[in-house]
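Analysis of the macromolecular model
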Amino acid sequence: MSLQTHFIPSLIVFLLSFPSYYSLPGISKASGYDASAGRVYPWYPSTIQGRNFGSKIMSSKMGRSLAAVKTFNVNDYGAKGDGSDATEAFNNAWRAACSSSQGSVLVVPKNKNYLLKPITFEGPCKSSITVQIYGTLQASADRSAYSKDLTRWLVFENVQNLAVEGGGTINGNGKIWWENSCKVNDDLSCKDAPTVCAIAFVHDALIFYNCKNLVVKNLKIQNAQKMHVSFEKCVGVEVSGLTITAPADSPNTDGIHVTRTQNIQISSTVIGTGDDCISIVSGSQKVQATGITCGPGHGISIGSLGDGNSEAHVSDVTVNGATLTGTTNGVRIKTWQGGSGSASNIKFQNIEMHNVKNPIIIDQKYCDQDKPCKSQSRAVQVQNVLYQNIKGTSSSSEAIQIDCSEKFPCKGIVLQSIDLRVGGKAAKAECNNAKITEKGNVSPSCT
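Conventions used here
Residues numbered from 1 in each chain as written. Predicted model: local features only at pLDDT ≥ 70, side-chain atom pairs only at ≥ 80, totals over all residues. Heavy atoms only, no water. Helix = DSSP H or I, 4+ residues; strand = E, 2+ residues; numbered from the N terminus. Core = buried A, V, L, I, M, F, W, Y, C linked by side-chain atoms within 4.5 Å. Buried < 20%, exposed > 50% of the residue type's maximum accessible area, 1.4 Å probe, protein only. Contact = heavy atoms within 4.5 Å. Pairing = 2+ DSSP bridges. Disulfide = S-S within 2.5 Å. Phe/Tyr/Trp six-rings, centres within 6.5 Å; stacked < 30°, edge-to-face > 60°. Polar contact = N/O pair within 3.5 Å; in protein donor to acceptor, adjacent residues only side chain to side chain. Salt bridge = Lys/Arg side-chain N within 4 Å of Asp/Glu carboxyl O.

1. What about the environment of Asp 249?
Mapped onto the elements, Asp 249 comes out in the loop between strand S16 (235-245) and strand S17 (256-259). Along the backbone, Asp 249 and Gly 297 are 48 residues apart, and their C-alpha atoms lie at a distance of 8.8 Å.

2. With respect to the nonpolar core
With 95 residues, the main nonpolar core has Phe 90, Phe 208, Phe 348 and Tyr 387 as its most contacted residues. When residues no more than four places from it in sequence are discounted, the contact partners of Phe 348 are Ile 302, Val 319, Val 331, Ile 333, Val 385, Leu 386, Tyr 387, Gln 388 and Ile 390.

3. A few points about the pairing of S16
Side chains on a regular strand alternate between the two faces of the sheet. For strand S14 (residues 212-222) and S16, the ladder comprises 9 bridges, and the chain directions are parallel. Paired with Gln 222 across the bridge in S16 is Thr 245. Summarising the sheet, S16 and strand S18 (residues 262-272) pair through 8 bridges and their orientation is parallel. Along S18, the bridge assignment pairs Ile 244 with Ile 271.

4. Focus: the state of the cysteines
A complete count under the given rule lists 5 disulfides for this structure. One disulfide in the model links Cys 98 with Cys 125; its S-S distance is 2.1 Å. With the S-S dihedral at roughly -105°, the linkage between Cys 98 and Cys 125 falls on the left-handed side. Linking Cys 98 in helix H3 (residues 87-98) with Cys 125 in the loop between strand S7 (119-122) and strand S8 (129-133), this pair joins segments that are 27 residues apart in sequence. Sulfur-sulfur distance for the disulfide between Cys 431 and Cys 446 comes to 1.8 Å. Because the sign of the S-S torsion sets the handedness, a value of about -40° for the bond joining Cys 431 and Cys 446 places this disulfide among the left-handed ones.

5. Some thoughts on the packing of aromatic side chains
On inspection of all chains with the given rule, the structure shows 8 aromatic pairs. Centroid distance Trp 94 to Phe 156: 5.8 Å. Interplanar angle 75°. Geometry classified as edge-to-face. Of the two residues, Trp 94 sits in helix H3 while Phe 156 sits in strand S10 (residues 152-157), which places them 62 residues apart along the sequence. Ring geometry for Phe 156 against Phe 208: centres 5.3 Å apart, planes inclined by 10°, an arrangement best described as stacked. Highlighted residues: Phe 156 in strand S10 and Phe 208 in strand S13 (residues 204-209), separated in sequence by 52 residues.

6. Quick notes on the side chain of Lys 334
Structurally, Lys 334 is set in strand S23 (residues 331-336). Lys 334 gets classed as buried once you look at its relative accessible area, which sits at 5%. There is a polar contact of 3.4 Å between the side chain of Lys 334 and the side chain of Asp 276. Those residues in contact with Lys 334 that sit more than four places away from it in its chain are Asp 276, Ser 301, Ile 302, Gly 303, Ser 304, Leu 305, Asp 363 and Tyr 366.

7. Focus on the pattern of salt bridges
Here the structure, examined in full by the defined rule, presents 8 salt bridges. Lys 117 is paired through a salt bridge with Asp 85; the nearest N and O atoms lie 3.5 Å apart. One end of the pair, Lys 117, is in the loop between strand S6 (113-116) and S7; the other, Asp 85, is in strand S4 (residues 82-85), and 32 residues separate them in sequence. Its relative accessible area of 37% is what places Lys 117 among the partly exposed residues.

8. What to know about the side chain of Ser 301
For Ser 301, the position within the fold is in strand S21 (residues 300-305). Relative accessible area serves as the criterion here: at 0%, Ser 301 is assigned to the buried category. For Ser 301, the side chain forms a polar contact with the side chain of Asp 276, separated by 3.1 Å. A polar contact of 3.3 Å, which involves the side chain of Ser 301, links it to the side chain of Arg 332. If near-sequence neighbours (up to four positions away) are discounted, Ser 301 is found in contact with Asp 276, Ile 278, Ser 279, Ile 280, Arg 332 and Lys 334.

Structure (structure tokens):
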């Protein structure tokens, strides 16, 4: 009797305290459950894990309590979604979501069109935040709307634990800006500095600045005024499922631009624009790109680096798995004369080329200005670069162009299993001032 007196109450207490999630189907660690905290998290799959890319950024740091998540719909803050100006409503909705101590979701409803003037979604926020874009965000075509800052349209700044997703569309409405570019309008004079035209500055469409633990996925981004998506000074970034498009003749409309950013993975993304599909510039480290479809455009580029005699550093970049079609370059490293620093530990692997001009190119004498560039003795050092399993067709007779500096020759360049042809015939290779090792079948050969 004494045993029953003690055992039955204890059993009742144990059952009442036993977490109820054990009886719920589908709730497990794999789906984002944190047993130690007793919370259910949404699951963000991260292939970055295990590669020191962000230290499990999605599962451990993007977590939030589903029971505590609060939703903020931009329509509730005055946005109509009929193409009228919704900038103030978005500002107010963001402030409310960002100031929430609970995990928050900012919702842009489906089948709605929201006109936005330049806007900055600024942190830090009190908790993790997801922006669900189901509808369309469209840039104002009124150039006077950008009088305060011509360099930015949509900006997420100083935000941690942020996800931007939803399958919606971001439309930069860039035509009015392209028409006023010196690279399109011959009546306008380009300045000496690279990519700067007579309209002074043109704003990028979507900018992430100084963000940490960031997911950007499943969005359609089109017709950017200049670059479509830019990551600057970010750490721990996962990008996937983007479709980025602009006309082939739209100037400077890079698809994804990476600068001063570390630990970023870009995957399963389709890019066709008027400039680089992906451009990676100074200050970027540990960059991975996989499952990339590129074309039209200027290919996948490291650089340009060292313009204006500047010091530049890019390292630990891997492009593994890409298809390029009809691009003006394939995989490219481009540096200006007179610069300093290095581009090192770079891998281009498992890449298909279809009618690509300049499939493999290293250009240490890059010059993108009206006046010829002066010959200079300094150069950004290019070293430890692997080209492996790159096959397909070139639209130019020289499928491999490696043109390095006499005083700073390229080092540790490896060509392995290369098969590039022109119209069914062997292509040519032009290789200068570079220490090159060839492995396996390499055609065309630098030796």
